[in-house]
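Listed below, chain by chain, are the residues.
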Amino acid sequence: MTKKNGHVIGVVVPGSIAEEMGIEPGDMLLKINDEEIGDIFDYQFLVQDDHLDILVKKKDGEEWLLDIDKDFDEELGIEFENGLMDDYRSCCNKCIFCFIDQMPKGMRPTLYFKDDDSRLSFLQGNYVTLTNMSDADIDRILKYHLSPINVSFQTTNPELRCKMLGNRFAGEALKKVDKLCAEGSGIELNGQIVLCKGVNDGDELERSISDLTKYIPNLQSVSVVPVGLSKHREGLYPLEPFDGEDAAKVIDQIERWQKKVYNEHGIHFIHASDEWYFLAGRDFPEAERYDGYIQLENGVGMMRLFIDEYEDAFRRAVATRAKEIAAVNRHISMATGRLVYPCIRDMAAKAMQICPGLKVDVYEIINEFFGERITVSGLLTGQDIIGQLRGKDLGQMLYLPENLLRSGDDFLLDDVRVPDIERELNVPVGIAKSDGYEFVADLFGLDASELMPE
């Protein structure tokens, strides 16, 4: 919680400087060295000094001025009720591809909030469009060296960007990248292009990639992801889905640029998300082409990493846990989205071939909630899982992918909780991590730590 001119302290770390000085949860931090604190970045910058004058307002209204000497990098030991120490900045665009605009009514309010906050880009990896950033915001990024910043470009054509983002200032906002990438800035960026058929693909994508290579090395990578189209698009811009032939063209275009950029800069830079390879029916690139999986959270290279981990874990399991595997006697089931279903099915089949006592049923869940065009596992809902698995023999355990769940919670997008699924399907539910070692361990009932490389 943030109040005018102050920030409410939520946690005081035991044994910390703050506890020694008598600071308590519920107290309000007003100033540091006579400067007001706008947000978490002001706070982190100011507390680096080895001498601090901290003005705190106690819960009873009394104000304390605390004189603190500490090591330069020593923490005070306080956490705030609002981690950002400021209100989140919402998006001021009306993007033609926005997925939030394609969600049905009646879901929890937080799912309809559109953030476009450069601070969340630094803290959580969110992508920002730059349209609501002022020159002062850019100066703060440079001053505090907030890096990396993730930028949602869509296109480098200013007029087209205005159209795609539904914001007449969207083209002008691209100039902020020049300042962030100026020589000596030290700011690293990653980019994203949400590709819309007939809008920013083809020649426009060619232009965008060419323009963005000029920002290397500050701009380390750019991912190209296909637009997600739900069935709830009434009254929205008419967009068409990509097909396999389209996907093959996009991959060919990107891989041609990868070779060119690698020869010039030693990085592959531009990356097609995994969905393109699924759609085109092509094998995923080798691990080296993902430049250290720099855009893993954006769906770039997740399957290559998962497959490689699976293969390594499988070899280790066969070589070191043959007795345990031979003694396995279990029936389990797994539910996943349409996109990755063939891979999960084949991996499970490989495990059953060497383990006669193992039975694995892999179920492809169709996304009826958002529509069949949405094929990723992370957007599956509890009601679809329950509806499509009810009455089936799910064995001793049903495994669901962890990206179904909100981080740190046990409920899915439609607020159905894991215990609800267990009750409705009458089976214990396990959460399968997006990790090939964990996956093999789940299949054979082993400890994943025993399969991982040292």
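These numbers were taken from a predicted model, which means no experiment stands behind them.

## Describing the pattern of salt bridges
Pairing is possible between side chains of opposite charge, provided their charged atoms come close.
And step 1. Taken as a whole and judged by the stated rule, the model has 27 salt bridges.
And step 2. Where E206 meets R256, a salt bridge forms, and the shortest distance between an N and an O atom there is 3.0 Å. One end of the pair, E206, is in helix α7 (residues 203–212); the other, R256, is in helix α8 (residues 244–265), with 50 residues separating them in the sequence.
And step 3. We classify E206 as partly exposed; its relative accessible area is 23%.
And step 4. Taken together, the shared-partner salt bridges in this structure form one network comprising E24, D27 and K58.

## A word on the packing of α7 against α8
And step 1. Remark: α7 packs on α8, axes separated minimally by 11 Å, with the N-to-C direction vectors making an angle of 25°. Judged by the angle between their axes, α7 and α8 are roughly parallel. For the pair α7 and α8, the crossing hand works out as right-handed. Taking contact as the criterion, the partners of L205, E206, I209 and S210 in α7 are, on α8, Q253, R256 and W257.
And step 2. Class assignment of the residues belonging to the contact of α7 with α8 gives a composition of three nonpolar, two polar and two charged.

## Notes on the packing of helix α10 (residues 302–320) against helix α15 (residues 436–444)
When two helices pack together, their arrangement is given by the angle between their axes and by how far apart the axes lie.
And step 1. Viewed as axis vectors pointing N to C, α10 and α15 meet at an angle of 45°, and their least axial separation amounts to 7 Å. On the basis of the axis angle, α10 is oblique to α15. Considering the relative orientation of α10 and α15, their crossing is right-handed. In this structure, α10 uses F306, E309, Y310, D312, A313, F314, R316 and A317 to contact α15, whose residues at the interface are G436, Y437, F439, V440, L443 and F444.
And step 2. Its residues assigned to classes, the contact of α10 with α15 comprises 10 nonpolar, one polar and three charged.

## What to know about the packing of aromatic side chains
And step 1. Scanning the model with the defined rule gives nine aromatic pairs in all.
And step 2. Centre to centre, the rings of Y277 and F284 are 6.1 Å apart; their planes meet at 50°, and the pair counts as tilted.
And step 3. Assessed through its relative accessible area of 3%, Y277 is described here as buried.
And step 4. In this structure F284 comes out as buried when scored by relative accessible area, which is 11%.
And step 5. By the ring-pair criterion, three or more aromatic residues cluster together here, those being F306, Y310, F314, F439 and F444.
And step 6. The residue whose ring lies beneath K58 is W64, and the NZ or CZ to ring-centre distance is 4.3 Å.

What counts, and at which threshold
- Residues numbered from 1 in each chain as written.
- Predicted model: local features only at pLDDT ≥ 70, side-chain atom pairs only at ≥ 80, totals over all residues.
- Heavy atoms only, no water.
- Salt bridge = Lys/Arg side-chain N within 4 Å of Asp/Glu carboxyl O.
- Helix = DSSP H or I, 4+ residues; strand = E, 2+ residues; numbered from the N terminus.
- Buried < 20%, exposed > 50% of the residue type's maximum accessible area, 1.4 Å probe, protein only.
- Axes fitted to C-alpha atoms, helices over the stretch in contact; angles between N-to-C directions.
- Parallel < 35°, antiparallel > 145°, perpendicular 65-115°, else oblique.
- Left-handed = near helix turned anticlockwise from the far one by under 90°.
- Contact = heavy atoms within 4.5 Å.
- Nonpolar A, V, L, I, M, F, W, Y, C, P; charged D, E, K, R; others polar.
- Phe/Tyr/Trp six-rings, centres within 6.5 Å; stacked < 30°, edge-to-face > 60°.
- Lys NZ or Arg CZ within 6 Å of the ring centre and 35° of its normal.

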